[in-house]
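If you want the building blocks of each chain, they are given just below.
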Amino acid sequence: TIEDANTFFHIYNQEMYYKKLNNVRLKNDLRKAVENKELYLVYQPKLDLKQKKIVALEALTRWKHPQIGSISPEFFIPIAENSNLINKIDKWVIKQVISELNKNDILKKYQKTISINLSPYDLKDNSLPIFLEELIEKEKINTNQIDFEITESVLLDSLSNELDNLNKLKELGFLISLDDFGKGYSSLSYLTKLPLDILKIDKSFIKNINFGSNKILIEKIIELSHQLNLKVVAEGVENKKEVEILQKLNCDFVQGYYYYRPMPLEEIARIIDRN
Ligand code: C2E
Ligand code: CA
Ligand code: CA
Ligand code: CA
């Protein structure tokens, strides 16, 4: 579609631009972005596949650079990860999410689950569980309404410090989702080694649901997840056909442009009110 093409060219041009830009400058700019209030959040709903009701919202971070304009997280998250900024940014995200949602009725009245992305580098940070404990105390949040989306990482072996930290989050009552499953080096052993509640099938898999043996693979992943007591989210759902297939395959939740794009919280609040 034209919109996809626009997005593509936008990203493509940004990439060209960044290559020319001094990387040091972008790092420095990102360092100041939190203080300068250049980061903000958008939220994308997840719906249950039976009643098509919004059950959860995923917070996604945006950066409005004062000169360059909007910069995609696909670009700035890796920069943040390579420069020790990710811990600070994601802690900002967590605080911001809680404060925004507390102001609205979304946490208390509507009881929606909120998903927050964590980088593998966040799990290396031993101060994260303490930070969260203090935040729970201060904000009186129901930890079982907050879901941390983690990605597979070679760091997450069974004896790692990262796994210890993940288990601490689990003990605090937070939900844990495994994001991007099916992309890269997905290991089935993660499904039993990590303290998971939810599995998110990667959007590249959903896009190709009708190609080759993908449908069978997705069906078996869903079956296996259910046997392990995990719920399954399909991300990147863009059309009705994908929805129908996922329904047949017994998928629990869907998320994607077919239903909603990531949006500012005010828009979300209006939609939830009608939903
Ligand atoms: P993700 O966590 O896998 O998030 C899903 C991405 O897919 C989002 O891109 C979302 O806007 C996009 N998306 C949603 N529905 C569709 C669809 O139907 N079709 C397609 N093609 N795309 C869809 P976004 O917001 O650009 O974020 C990109 C990645 O940046 C995220 O991937 C996540 O890994 C990372 N990210 C974003 N915000 C944060 C954050 O606050 N902290 C950390 N650590 N990472 C973040
Ligand atoms: Ca995610
Ligand atoms: Ca994902
Ligand atoms: Ca991702």
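Everything here concerns the structure above.
Throughout this description, residue numbers start from 1 for each chain and increase along the sequence as written. Labels follow written order: the first chain is A, the first ligand is 1, and so on. Note on the predicted model: pLDDT of at least 70 is required for a residue's local features to be given, and 80 or more for side-chain atom pairs to be given and counted; whole-chain, interface and lining totals, by contrast, use all residues. Water and hydrogen atoms were dropped before computing side-chain values, which therefore reflect all heavy atoms in the structure.

**Student:** Quick one: what's the story with the coordination of the calcium ion (ligand 2), residue by residue and with numbers?
**Tutor:** Every protein donor of the calcium ion (ligand 2) is accounted for by Glu-58 (OE), Asn-117 (OD1), Glu-149 (OE) and Asp-179 (OD), and the metal-donor separations fall at 2.1 to 2.3 Å. Mapped onto the polypeptide sequence, the residues donating to the calcium ion (ligand 2) form the spacing pattern E-x58-N-x31-E-x29-D. Here the term donor refers to an N, O or S atom within 2.8 Å of the metal (or 3.2 Å for Na, K and Ca), and because water is left out of the atoms, sites may appear incomplete. Separating the calcium ion (ligand 2) from the calcium ion (ligand 3) is a gap of 4.2 Å, bridged by Asp-179, which donates to each. Remark: Asn-117 occurs in strand S4 (residues 113–117) and Glu-58 occurs in strand S2 (residues 54–65); sequence separation between them is 59 residues. Relative accessible area serves as the criterion here: at 5%, Glu-58 is assigned to the buried category. Look at Asn-117 and you get partly exposed, because its relative accessible area is 23%. Secondary structure is summarised from DSSP: a helix means a run of H or I of at least four residues, a strand means a run of E of at least two, and numbering begins at the N terminus for each. Buried, partly exposed and exposed residues are distinguished by accessible area as a fraction of the type maximum, computed with a 1.4 Å probe on protein chains only: under 20%, between the cut-offs, and over 50%, respectively.

**Student:** Any details on the site of ligand 1? Residues and values, ideally.
**Tutor:** Nearness of a residue to a molecule or strand requires only that one of the residue's heavy atoms be within 4 Å of it. Looking at ligand 1, there are 24 residues lining it, with Thr-61, Arg-62, Asp-90, Glu-238 and Tyr-257 nearest. Counting of polar contacts relies on pairs of N or O atoms within 3.5 Å, with two restrictions inside protein: one atom must be capable of donating a hydrogen and the other of accepting it, and residues adjacent in sequence are counted only when both atoms are side-chain atoms. Here an oxygen atom of ligand 1 sits 3.2 Å away from a polar atom, N or O, in the side chain of Lys-203. In the environment of ligand 1, an oxygen atom lies 2.8 Å from a nitrogen or oxygen atom belonging to the backbone of Tyr-257. Per-residue accessibility takes into account occlusion by the displayed protein chains alone, with areas from the Shrake-Rupley method and a 1.4 Å probe. Surface burial for ligand 1 is 86%, taken as the share of its 800 Å² of free accessible area covered by protein chains. For the shell around ligand 1, the secondary structure elements donating two or more residues are S2, helix H3 (73–81), helix H4 (86–103) and strand S6 (175–181).

**Student:** Help me get a handle on the pairing of S4, residues and values and all.
**Tutor:** With respect to burial, S4 is a largely interior element, 4 of its 5 residues being buried. For two strands to be treated as a pair, DSSP must find at least two bridges joining them. Here 4 bridges tie S2 to S4, and the two strands are oriented parallel to one another. Residue pairing in the sheet places Ala-56 in a bridge with Thr-113 of S4. One ladder, built from 4 bridges, connects S4 with strand S5 (residues 146–150); its direction is parallel. Residue pairing for S5: Ile-114 is matched across the bridge by Ile-146.

**Student:** How would you sum up H3? Please name residues and give values.
**Tutor:** Residues of H3 that are buried include every one of Phe-75, Phe-76, Ile-79 and Ala-80, and no others. Angular distribution of buried residues about the axis of H3 spans 125°; they occupy a single face of the element. Of the residues flanking the start of H3, the one acting as N-cap is Ser-72, its side-chain oxygen 3.0 Å from the backbone nitrogen of Glu-74. Regarding the arc, it is the one traced by the directions from the helix axis to the C-beta atoms.

**Student:** Please give an account of the pairing of strand S1 (residues 39–48) that cites residues and values.
**Tutor:** Across a regular strand the side chains alternate sides, sitting on one face of the sheet and then on the other. When you tally the buried positions in S1, you get 9 out of 10 residues, the bulk of the element. Both S1 and S2 contribute to a ladder of 9 bridges, which runs antiparallel. Opposite Leu-41, over in S2, you have Thr-61 as the bridge partner. Here S1 folds back onto S2 in antiparallel fashion, the turn holding 5 residues, of which Lys-52 has a positive phi close to 60°.

**Student:** Go over helix H12 (residues 265–274) with me, naming the residues and quoting the values.
**Tutor:** Residues of H12 that are buried include every one of Leu-265, Ile-268, Ile-271 and Ile-272, and no others. Along the axis of H12, the buried positions cluster into a sector of 120°, meaning they face one direction only. Those residues of H12 that are exposed and angled more than 90 degrees off the buried face are Glu-266, Arg-270, Asp-273 and Arg-274. The inward-facing, buried residues of H12 abut S1, S2 and H4. We call two residues in contact when some of their heavy atoms are within 4.5 Å.

**Student:** How would you summarise a nonpolar patch on the surface if you had to cite specific residues and measurements?
**Tutor:** A cluster of nonpolar residues, Leu-188, Leu-224 and Leu-228, forms a patch on the protein surface that exposes about 240 Å² of accessible area. Residue classification places Leu-188 among the exposed residues on the basis of a relative accessible area of 54%. Nonpolar side chains (Val, Leu, Ile, Met, Phe, Trp, Tyr) are joined into patches within 5 Å and like charges within 9 Å, using only residues with over 30% relative accessible area and no salt bridge. Take a side-chain nitrogen of Lys or Arg and a carboxyl oxygen of Asp or Glu: if they are within 4 Å of each other, that pair is a salt bridge.

**Student:** So, unusual backbone geometry: which residues are in play, and what are the values?
**Tutor:** Here Lys-37, not a glycine, exhibits a phi torsion of approximately 55°, which is positive. With respect to the element layout, Lys-37 can be found in the loop between helix H2 (23–33) and S1. Residue classification places Lys-37 among the exposed positions, given a relative accessible area of 72%. Look at Lys-52: it is not a glycine, yet its phi comes out positive at around 60°. Inspection of the secondary structure assignment puts Lys-52 in the loop between S1 and S2. What makes Lys-52 partly exposed here is its relative accessible area of 31%.

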